[in-house]
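Below are the chains, spelled out letter by letter.
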2 protein chains.
Amino acid sequence: MKLHAYGRSSASFRVRIALNLKGLSYETVSHDLTRDEQRDSHYLSVNPQGLLPALEDDGAVLTQSLAIIEYIDAKKPEPPLLPREQLARARVRALAQLIAADTHPLVTKRVAQRLRDDCGQDEQAVQRWRLHWLHVSFRAFETHLATSAEDGRFCHGGSPTIADIALVPQAVVAEQLGISLNAYPLISRIVEGCLQLPAFQDAHPDNLGRGEA
Amino acid sequence: MKLHAYGRSSASFRVRIALNLKGLSYETVSHDLTRDEQRDSHYLSVNPQGLLPALEDDGAVLTQSLAIIEYIDAKKPEPPLLPREQLARARVRALAQLIAADTHPLVTKRVAQRLRDDCGQDEQAVQRWRLHWLHVSFRAFETHLATSAEDGRFCHGGSPTIADIALVPQAVVAEQLGISLNAYPLISRIVEGCLQLPAFQDAHPDNLGRGEA
């Protein structure tokens with residue numbers, strides 16, 4: 001398997017965690033987002049959307065991190081990244097999508113660029129925009145956790161699921177932007193617990209080897 | 001089943017299509033987004049994120065349209081809304097997420113409000129923002145379709161999947177905003193084909209009965 005990724009892309013971070021949890025080995029092709037390498041014609045021929053990550057496997061190119069992770073989960077079922085029961089599956093998918101659909105797309109580099117270039121926003125306004133959406137989502141995520149009996153050491157029970165896989169990279173980005181997770185005690189506890197696991201640690205942008213970052 | 005929805009919410013439109021394709025009956029509780037009814041305290045106690053749709057079933061509240069649709073698909077497997085083969089499942093999930101994660105969240109009412117209220121953007125700029133992201137995504141979606149041998153009458157083969165369920169509501173919104181789908185011949189053909197089916201027609205905001213809209 002070949003993973004097209006970038007160290008600091010939080011959607012790439014998600015897929016690395018999933019691959020690590022499954023113990024699957026893969027080759028990384030790094031595309032530097034800060035140099036817009038994901039817009040290079042060679043990569044556009046792999047993924048016409050020019051977004052990261054993409055996973056090459058079995059002659060196919062898979063895109064969209066959550067779709068890739070569900071594929072990985074089906075390819076190697078142990079340990080499972082979703083609970084078995086259908087309402088529980090819906091709950092962890094919803095938590096993952098709260099991050100992947102309602103949060104992350106609003107705080108990406110391409111959105112910040114558009115705010116600067118077309119909407120005339122300065123760095124302070126772009127930062128305010130990012131913090132606004134991160135806080136809106138973390139409040140919702142925290143309330144989801146607080147109003148359910150299902151969270152344990154992780155978002156759902158005693159082992160990591162796609163909900164944790166989506167949450168941790170977004171929490172790491174939020175902290176880098178200056179957000180303290182202290183206001184979100186359940187999120188904070190779960191993120192801390194996850195980052196004690198090698199699968200999460202090894203996927204963290206700060207811990208990547210040369211060529212992967 | 002009780003669907004909390006709003007006629008013109010395109011994520012609600014997705015869930016209505018899925019329920020109709022499965023032939024499942026449901027009660028609609030309408031929350032008027034134009035009056036911010038989704039922020040009412042009663043609804044916030046159902047869905048703390050204050051977003052639509054949410055589905056009540058079996059004593060649980062499900063959120064996030066794609067998670068809800070996968071739940072519906074598992075609850076009533078026929079007709080299937082995802083292909084059986086894993087690479088194919090990853091493809092239709094990725095197409096659905098291209099809309100649900102990379103497109104729709106950028107063109108919602110709450111984002112438009114933020115652009116106006118905090119970024120000082122006028123209606124013309126908000127409209128330009130919406131058209132920009134819709135065109136970026138439709139170009140990518142069209143290229144995905146054009147570079148795959150998998151599309152047929154629908155995004156994937158001969159029956160509707162979650163990819164079509166995500167695409168059609170976004171295409172309807174785009175046309176309402178003045179985008180012509182002529183520039184996207186594959187999308188245009190698929191949307192037209194879907195809208196000939198009663199499941200899609202009956203879910204269309206223009207065709208809802210009183211109390212559902």
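Residues numbered from 1 in each chain as written. Chains lettered and ligands numbered in written order. Predicted model: local features only at pLDDT ≥ 70, side-chain atom pairs only at ≥ 80, totals over all residues. Heavy atoms only, no water.

## Some remarks on the sheet that holds strand β4 (residues 60–63) of chain B
All names here are of chain B. What counts here: A pair of strands is treated as paired once DSSP finds two or more bridges between them. Comment: elements are numbered from the N terminus, with helices defined as DSSP H or I runs of at least four residues and strands as E runs of at least two. The convention used is that axes are lines fitted to C-alpha atoms, helices contributing only their stretch in contact, and that angles between N-to-C directions extend from 0 to 180 degrees.
In space, the four strands of this open sheet follow the order β2-β1-β3-β4, with mixed pairing throughout. Unpaired on one side and paired on the other, β2 (27–30) and β4 mark the two borders of the sheet. Between one strand axis and the next, the sheet turns by 20° as a mean value, whatever way the strands run. Direction of pairing for strand β1 (residues 2–5) relative to β2: parallel, over a ladder of four bridges. Residue pairing for β2: K2 is matched across the bridge by E27.

## Re the relation of the copies chain A and chain B
To keep it simple, the criterion reads: The copies were overlaid with a least-squares fit restricted to C-alpha atoms from residues scoring a pLDDT of at least 70 in each copy. A contact between two residues is defined here by any heavy atoms of the two lying within 4.5 Å.
The transform that puts chain A on chain B rotates by 180° and translates by 0.0 Å along the axis, for an RMSD of 0.0 Å. Such a combination of rotation and displacement between the chain copies is what one expects of a two-fold axis. Relative to the rotation axis, the closest C-alpha in chain A is found at A101(A), a distance of 2.0 Å. Most of the interface of chain A is mirrored in chain B, where 100% of its interface residues are also at the interface.

## A look at the packing of aromatic side chains
Residues and elements named next belong to chain A. Short version of the rule: Only centres within 6.5 Å qualify two rings of Phe, Tyr or Trp (six-membered ring in Trp) as a pair; their planes then separate them into stacked at under 30 degrees, edge-to-face at over 60, and tilted for everything else. The cut-offs for exposure are 20% and 50% of the maximum accessible area for each residue type, with area from a 1.4 Å probe on protein chains only; residues under the lower value are buried, those over the upper are exposed, and the others partly exposed.
In total, this model carries five aromatic pairs over all chains according to the counting rule given. Ring geometry for W129 against W133: centres 5.8 Å apart, planes inclined by 70°, an arrangement best described as edge-to-face. Note that W129 and W133 are positioned in helix α6 (residues 123–146) at a spacing of four residues, about one turn of the helix. Accessibility classification places W129 together with W133 in one group, the buried group.

## Description of the sheet that holds strand β4 (residues 60–63) of chain A
Residues and elements named next belong to chain A. Judged by pairing direction, the sheet is mixed, and its four strands sit side by side in the order β2-β1-β3-β4 without closing on themselves. This sheet does not close on itself; its edge strands, each paired only once, are β2 (27–30) and β4. For this sheet, the mean inter-axis angle between neighbouring strands, taken without regard to orientation, is 25°. Pairing geometry for strand β3 (residues 54–57) and β4, over four bridges, is antiparallel. Bridge pairing links E56 to V61 in β4. Docked against the sheet, helix α3 (residues 65–75) engages β3 and β4, running at close to 35° with respect to β3.

## Examining the interface of chain A and chain B
Note the cut-off: Here the buried area means the combined drop in accessible surface, using a 1.4 Å probe, for two parts upon being joined, counting both sides. For salt bridges, the criterion is a side-chain nitrogen of Lys or Arg within 4 Å of an Asp or Glu carboxyl oxygen. What qualifies as a polar contact is a pair of N or O atoms within 3.5 Å, subject to a donor-acceptor requirement within protein and to the restriction that residues adjacent in sequence count only when both atoms come from side chains. Gly counts as polar in this scheme, as do all residues outside two lists: the nonpolar Ala, Val, Leu, Ile, Met, Phe, Trp, Tyr, Cys and Pro, and the charged Asp, Glu, Lys and Arg.
The interface of chain A with chain B comprises 42 residues on the first partner and 42 residues on the second. Both faces combined, the contact of chain A with chain B buries some 3,900 Å², and carbon together with sulfur accounts for 63% of it. Across the contact surface, chain A and chain B share four salt bridges. With its nearest N and O atoms 3.5 Å apart, the salt bridge here joins R93(B) to E70(A). Across the chain A-chain B interface, the total number found is 14 residue pairs in polar contact (both at pLDDT 80 or more). Elements with a minimum of two residues in the side of chain A that touches chain B: β4, α3, α4 (86–100), α5 (109–117) and α6 of chain A. Partitioning the side of chain A that touches chain B into residue classes produces 23 nonpolar, ten polar and nine charged.

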